[in-house]
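Examining the three-dimensional arrangement
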Amino acid sequence: MKSEFDITVAFTGHRSYRHEADLRLRQTIEALWRAGRRCFLSGMAIGFDMAAAEAVLELRERWGDLRLVAVVPFRGQERLFPEEEQRRFNRILEAADEVVILSEGYSRGVYAVRNGYLIDHAATIVTWYGGGAGGTRQTVNRALKKARRLIHLHPSTPLEAYPVPSLF
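This section reports on the structure supplied with the text. Note that the coordinates shown come from a computational prediction; the quantities given were computed from them, not determined experimentally.

Some remarks on the overall build of the protein
- Each helix and strand counted, the protein has five helices and six strands in total.
- Secondary structure elements of the protein, listed N to C terminal, follow the sequence β-α-β-α-β-α-β-α-β-α-β.
- What you see for the protein is a C-alpha radius of gyration of 15 Å, in line with the 15 Å of a compact globule of 168 residues.
- Overall size of the protein, expressed as C-alpha extent along the three principal axes, is 40 × 35 × 30 Å.
- Counting every position in the protein, which comprises 168 residues, the buried fraction comes to 49%.
- Long-range pairs, those at least 24 residues apart, make up 77% of the contacts in the protein between residues at least 6 apart in sequence.

As for the pattern of salt bridges
- A full pass over the atoms with the stated rule returns 14 salt bridges.
- In this structure, glutamate 30 and arginine 34 form a salt bridge, with 2.7 Å as the shortest nitrogen-oxygen distance. Note that glutamate 30 and arginine 34 are positioned in helix α1 (residues 22-34) at a spacing of four residues, about one turn of the helix.
- Residue classification places arginine 34 among the exposed residues on the basis of a relative accessible area of 57%.
- A salt bridge links arginine 87 to glutamate 83, with the nearest nitrogen and oxygen atoms 2.9 Å apart. One end of the pair is arginine 87 and the other is glutamate 83, both in helix α3 (residues 83-95) and four residues apart, which spans about a single turn.
- For glutamate 83, a relative accessible area of 58% translates into the label exposed.
- Residues joined by salt bridges that share partners form a network here, namely Glu83, Glu84, Arg87 and Arg91.

Things to note about the layout of surface pockets
- Estimates place the volume of the largest pocket at around 230 Å³.
- Taken together, 18 residues line the largest pocket, and the ones lying closest to its centre are Arg15, Arg114, Asn115, Gly135 and Thr136.
- Of all the secondary-structure elements, those providing two or more residues to the lining of the largest pocket are β1 (8-13), α4 (110-120) and α5 (135-145).
- With five residues, α4 is the largest single contributor of residues to the lining of the largest pocket.

Quick word on the pairing of strand β5 (residues 124-128)
- Summarising burial for β5: five of the five residues are buried, a large majority.
- Residue alternation in β5 divides its side chains into two sets, Thr124, Val126 and Trp128 and Ile125 and Thr127, and both sets are buried.
- With four bridges joining them, β5 and strand β6 (residues 149-152) adopt parallel strand pairing. Pairing of isoleucine 125 across the sheet is with leucine 150, part of β6.
- Each parallel crossover has a hand, and for β5 linked through α5 to β6 it is right-handed.

Looking at the environment of isoleucine 29
- As for its position among the elements, isoleucine 29 is in helix α1.
- For isoleucine 29, a relative accessible area of 0% puts it in the buried group.
- Between the alpha carbons of isoleucine 29 and proline 73 there is a distance of 23 Å; along the sequence they are 44 residues apart.
- Non-local contacts of isoleucine 29, meaning those with residues more than four positions away in its chain, are made with Phe11, Phe40, Ala52, Ala55, Val56, Leu59 and Leu66.

Cut-offs and rules
Just so you know, the residues in each chain are numbered from 1, in the order the chain's sequence is written. Note on the predicted model: pLDDT of at least 70 is required for a residue's local features to be given, and 80 or more for side-chain atom pairs to be given and counted; whole-chain, interface and lining totals, by contrast, use all residues. To get the side-chain values, all heavy atoms of the structure are used, and hydrogens and water are removed first. A run of H or I in DSSP becomes a helix once it reaches four residues, and a run of E becomes a strand once it reaches two; helices and strands are each numbered from the N terminus. The size measure is the radius of gyration over C-alpha atoms, and the globule rule it meets is 2.2 Å times the number of residues to the 0.38 power. When accessible area is computed with a 1.4 Å probe and restricted to protein chains, residues below 20% of their type maximum are described as buried, those above 50% as exposed, and intermediate ones as partly exposed. In what follows, residue pairs with any heavy atoms lying within 4.5 Å of each other are defined as contacts. Salt bridge criterion: a side-chain nitrogen from Lys or Arg within 4 Å of a carboxyl oxygen from Asp or Glu. Cavities and pockets were defined on a 1 Å grid built over protein atoms only: a cavity is a set of grid points that admits a 1.4 Å probe from which the probe cannot escape, a pocket is an open set flanked by protein on both sides within 12 Å along at least five of seven lines, and lining residues are those with an atom within 4 Å of any such point. Grid points are joined across faces, edges and corners, and a volume is the space filled by probe spheres set on the points. Two strands are counted as paired when DSSP detects at least two bridges linking them. Seen with its strands pointing away from the viewer, a crossover is right-handed if its path from the first strand over the helix to the second goes clockwise.

And the structure:
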């Protein structure tokens, strides 16, 4: 029997994601579900994280055994977002199966803690990483060091850049 860790998937990606790969994202989640993955973690940032959370919620309507865990780096994170993104964030939190809040307030390094949580709790990581420095790059690098399976959806970086074997 697979452990909770083995059936858990985390998402990491750029905040600049503008729904370019929504179909591929849904197809990936469906393939993961067919492969026995049931728990999905979203770091709840604007962009790819929230798009992935919404995709899980949409597909949960079809398959009731999908679980969404919203991993919030600090209480009140959404207050930094534009008003429409705040509403979106709150809709996702209300629909999530579980909400994990890692800190009561903002502090330096809180996003790195969130990213570490995602990698430490999931065997598979779905990424939207198109290069450059920042949190997504650090998260992908940490996933590689921890030998997590990576499923990379961004078209600008070839899959060969990620030596971890694919799930499929």
